[in-house]
There are 2 protein chains.
Amino acid sequence: MMQPEEIRGLIRTGKLSEPTAGMAGGYTQANLVILKKELAFEFLLFCHRNQKPCPILDVTEPGSPVPAIVAPGADIRTDFPRYRVYRRGELTDEVTDITSLWEDDMVGFLIGCSFTFEQALLNNGIPVRHIEENRNVPMYQTNIPCVKAGRFQGPMVVSMRPIPEEQVVRAVQVTSRFPAVHGGPVHIGNPEAIGIKNIAHPDFGDAVTIKEGEVPVFWACGVTPQAVAMHVKPELVITHAPGHMLITDIRDEQFGVL
Amino acid sequence: MMQPEEIRGLIRTGKLSEPTAGMAGGYTQANLVILKKELAFEFLLFCHRNQKPCPILDVTEPGSPVPAIVAPGADIRTDFPRYRVYRRGELTDEVTDITSLWEDDMVGFLIGCSFTFEQALLNNGIPVRHIEENRNVPMYQTNIPCVKAGRFQGPMVVSMRPIPEEQVVRAVQVTSRFPAVHGGPVHIGNPEAIGIKNIAHPDFGDAVTIKEGEVPVFWACGVTPQAVAMHVKPELVITHAPGHMLITDIRDEQFGVL
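Residues numbered from 1 in each chain as written. Chains lettered and ligands numbered in written order. Predicted model: local features only at pLDDT ≥ 70, side-chain atom pairs only at ≥ 80, totals over all residues. Heavy atoms only, no water.

Per an unreviewed UniProt entry, chain A is named Putative hydro-lyase AB447_201615, and its organism is Bacillus glycinifermentans. Checking UniProt for chain A, the heading Sequence similarities (unreviewed entry) contains the comment "Belongs to the D-glutamate cyclase family." (UniProt positions renumbered as here; feature names shortened; annotations may be inferred.)

Here's what the structure looks like:
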């Protein structure tokens, strides 16, 4: 199996621009939000106050494209397969390299991703429906407010996985071990209790089958910080394109709290 | 027993200016570092990169003295029994109220304190020697480097508690449940391995007895962020005076990860 550094090399040189799901199994993948330094403190504070949807894995020094903690050999301007560029909250571009957009006062936030805890669920014999059905995970806007920080605020977005009744407790235990990648669920069961009107119509991603005897279980979702950042409509925000993540040098298990 | 709000009221009105150890048992107490906003991002990043010595419980909005997450009814300018004022890294004042020093661009960082996990150790029948001997916990400068963030850098300071050999595993388990208040130990046993020359001469606090059959166990210490902040010699830093903490509204157990 290819190592993280090799895969990042292929991505950097334009030989690979596909979604990264399933690549370098066992290594943690990361979401990206790049902001100008003048918003960095408020955004970091927002993430700190809302760690379940916004688990920060690394923050680059202002002006440096190197995620020194999770992948010291990487460059966040070239090592994601695909980026989205937003100007004043509007998507204006999708590109595979952002070197030409990089400025000296930019700060990159690398945010944990549910791929990590899904692998832990699978390793525990707990099914992950959207993987079985080869779809994107269903995501929903909720009525759970995030804790505000400066200009950043908004409701939590959650992802949903149907879990067989008899495995719900184990699913809570398994995912609680990984607070750095969303941790335990935020809600079990009744979607309406958290403001979700129609479970069959997710706000983002795809609907998946909920079988007899399965309970919808909801985890805080990394789409939350992106949605919240857009809401502020900064001059310029750059994110990864959905599913096109950075493969870090850190193994999933290293994020286990015990 | 008095509730956190009552005790803070006594402190605020000058009726109480003693160390807070043992007050409002079961409620988490917090350390304080106040900096100007221009240093806030780097300091928050430093704390994020060094969560074991610098576990952030709350950060106030710039200019607001209210720790909205851990004690929404509190005021960090008046509700610590005693403060220390440092100008360019030098201690210039010790006061019981900092209202007259407060400025619109100040940010307060509330940092977790080992009182929380010591209570958990005691609840598990594990002795805490400096409490038994009515001394301050022994603290040592180590050779363990913190991860740098902007201007903030320096070695980790640790606290030491002698633990009976047969209880060391349990001490690791119990404290690992509380990552928000330093979490599991950083080292067990041989002090020299982390750069401590003489265990009988702590750099801060008091020496304690290590009995036959006991192992020195080292936890990351909240003195680290204060030492690191001083090193930068900012124009003005305000901290709590040692042992004179904020009593929050959050119960210790709420910080347990499982």
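Read on, since the account is not over.
(A) Highlighting empty space enclosed by the protein. Residue and element names in this part refer to chain A. Applying the stated criterion across every chain yields a total of one cavity of 30 Å³ or more. Counted as a void, the largest cavity has a volume near 30 Å³. Lining the largest cavity are I34, L35, K36, M106, L236, V237 and I238. If you list the elements that add at least two residues to the lining of the largest cavity, you get β1 (27–36) and β10 (236–240). Along the lines of polarity and charge, the residues of the lining of the largest cavity split into six nonpolar, no polar and one charged. (1 Å grid on protein atoms, 1.4 Å probe; cavity = no way out; pocket = protein on both sides within 12 Å on 5 of 7 lines; lining within 4 Å. Points joined across faces, edges and corners; volume = space filled by probe spheres on them. Helix = DSSP H or I, 4+ residues; strand = E, 2+ residues; numbered from the N terminus. Nonpolar A, V, L, I, M, F, W, Y, C, P; charged D, E, K, R; others polar.)

(B) Representation of the pairing of strand β4 (residues 90–95) of chain B in the model. Residues and elements named next belong to chain B. In terms of strand pairing, strand β3 (residues 83–87) meets β4 through five bridges, oriented antiparallel. Across the sheet, residue Y83 finds its bridge partner in β4, namely V95. Remark: two residues form the turn of the hairpin made by β3 and β4, two consecutive strands paired antiparallel; R88 in that turn has positive phi of roughly 50°. (Pairing = 2+ DSSP bridges.)

(C) Main features of the interface of chain A and chain B. Taken together, the contact pairs 22 residues of chain A with 23 residues of chain B. Ranking the residues of chain A by area buried against chain B places F41, H48 and R49 of chain A at the top, with a combined share of 32%. Joining chain A to chain B, the criterion identifies two salt bridges. The partner of E61 of chain A in a salt bridge is R49 of chain B, with the nearest N and O atoms 2.6 Å apart. For the side of chain A that touches chain B, the element with the most residues is helix α2 (residues 37–49) of chain A, which contributes seven residues. Split by residue class, the side of chain A that touches chain B holds 13 nonpolar, four polar and five charged. (Contact = heavy atoms within 4.5 Å. Buried area = accessible area lost by both parts, 1.4 Å probe. Salt bridge = Lys/Arg side-chain N within 4 Å of Asp/Glu carboxyl O.)

(D) A look at the relation of the copies chain A and chain B. Least-squares fitting of chain A to chain B yields an RMSD of 0.0 Å, with the transformation described by 0.0 Å of translation along the axis and a rotation of 180°. Accordingly, the operation relating the two chain copies is best matched by a two-fold axis. Judged by C-alpha distance, F41 of chain A is the residue of chain A that lies nearest the rotation axis, at 2.3 Å. Mapped onto chain B, 100% of the interface residues of chain A again fall at the interface, so both copies present the same surface. (Least-squares fit on C-alpha atoms with pLDDT ≥ 70 in both.)

(E) Looking closely at the side chain of N50 of chain B. All names here are of chain B. Relative to the assigned elements, N50 resides in the loop between α2 (37–49) and β2 (56–59). Accessibility expressed as a relative area gives 6% for N50, which makes it buried. A distance of 2.7 Å separates a polar atom in the side chain of N50 from the backbone nitrogen of V147. Those residues in contact with N50, other than ones at most four positions away along the chain, are C146 and V147. (Buried < 20%, exposed > 50% of the residue type's maximum accessible area, 1.4 Å probe, protein only. Polar contact = N/O pair within 3.5 Å; in protein donor to acceptor, adjacent residues only side chain to side chain.)

(F) Structural view of the environment of L91 of chain B. Residue and element names in this part refer to chain B. Here L91 is to be found in strand β4. Its relative accessible area of 46% is what places L91 among the partly exposed residues. Distance from L91 to L236, taken between C-alpha atoms, is 9.9 Å for residues 145 residues apart in sequence. Apart from the residues within four sequence positions on either side, L91 is in contact with R84, V85 and Y86.

(G) Looking closely at helix α1 (residues 4–12) of chain A. Residue and element names in this part refer to chain A. Buried within α1 are the following residues: P4, I7, R8 and I11. Projection of α1 onto a plane perpendicular to its axis shows the buried side chains occupying an angular sector of 100°, all on one side. Residues of α1 that are buried in the fold lie against β1 and β11 (246–251). With its phi angle positive at about 80°, G14 sits one or two positions after the end of α1. (Arc of directions from axis to C-beta.)

(H) Focus on the sheet that holds strand β7 (residues 155–164) of chain A. Residue and element names in this part refer to chain A. Spatially, β6-β7-β9-β8 is the arrangement adopted by the four strands of the open sheet, whose pairing is antiparallel. Lying at the two open borders of the sheet, with one neighbouring strand each, are β6 (139–145) and β8 (187–188). In terms of strand pairing, β7 meets strand β9 (residues 214–220) through seven bridges, oriented antiparallel. Residue pairing in the sheet places M160 in a bridge with F218 of β9. The strands that helix α5 (residues 168–176) touches are β7, β8 and β9; relative to β9, the one it contacts most, it runs at about 15°. (Axes fitted to C-alpha atoms, helices over the stretch in contact; angles between N-to-C directions.)

(I) Quick look at the nonpolar core. F41, F43 and F109 of chain A together with F43, F109 and F152 of chain B are the most contacted members of the largest nonpolar core, which totals 68 residues. Residues within four places of F43 of chain A in sequence aside, it is in contact with V33, L35, F109, I111, F152, P225 and A229 of chain A. Core analysis: the second largest hydrophobic core is formed by 35 residues, V70, I163, V168 and V215 of chain A among them. (Core = buried A, V, L, I, M, F, W, Y, C linked by side-chain atoms within 4.5 Å.)

(J) Fine view of the packing of helix α3 (residues 115–123) of chain B against helix α5 (residues 168–176) of chain B. Residues and elements named next belong to chain B. Two elements in contact, α3 and α5, have axes separated by 9 Å at closest approach and are oriented at 135°. Between α3 and α5, the crossing angle belongs to the class labelled oblique. Helix-helix and strand crossings are classified by hand; for α3 and α5 the assignment is right-handed. Contact residues: F117, A120 and L121 in α3; A171, V174 and T175 in α5. Partitioning the contact of α3 with α5 into residue classes produces five nonpolar, one polar and no charged. (Parallel < 35°, antiparallel > 145°, perpendicular 65-115°, else oblique. Left-handed = near helix turned anticlockwise from the far one by under 90°.)

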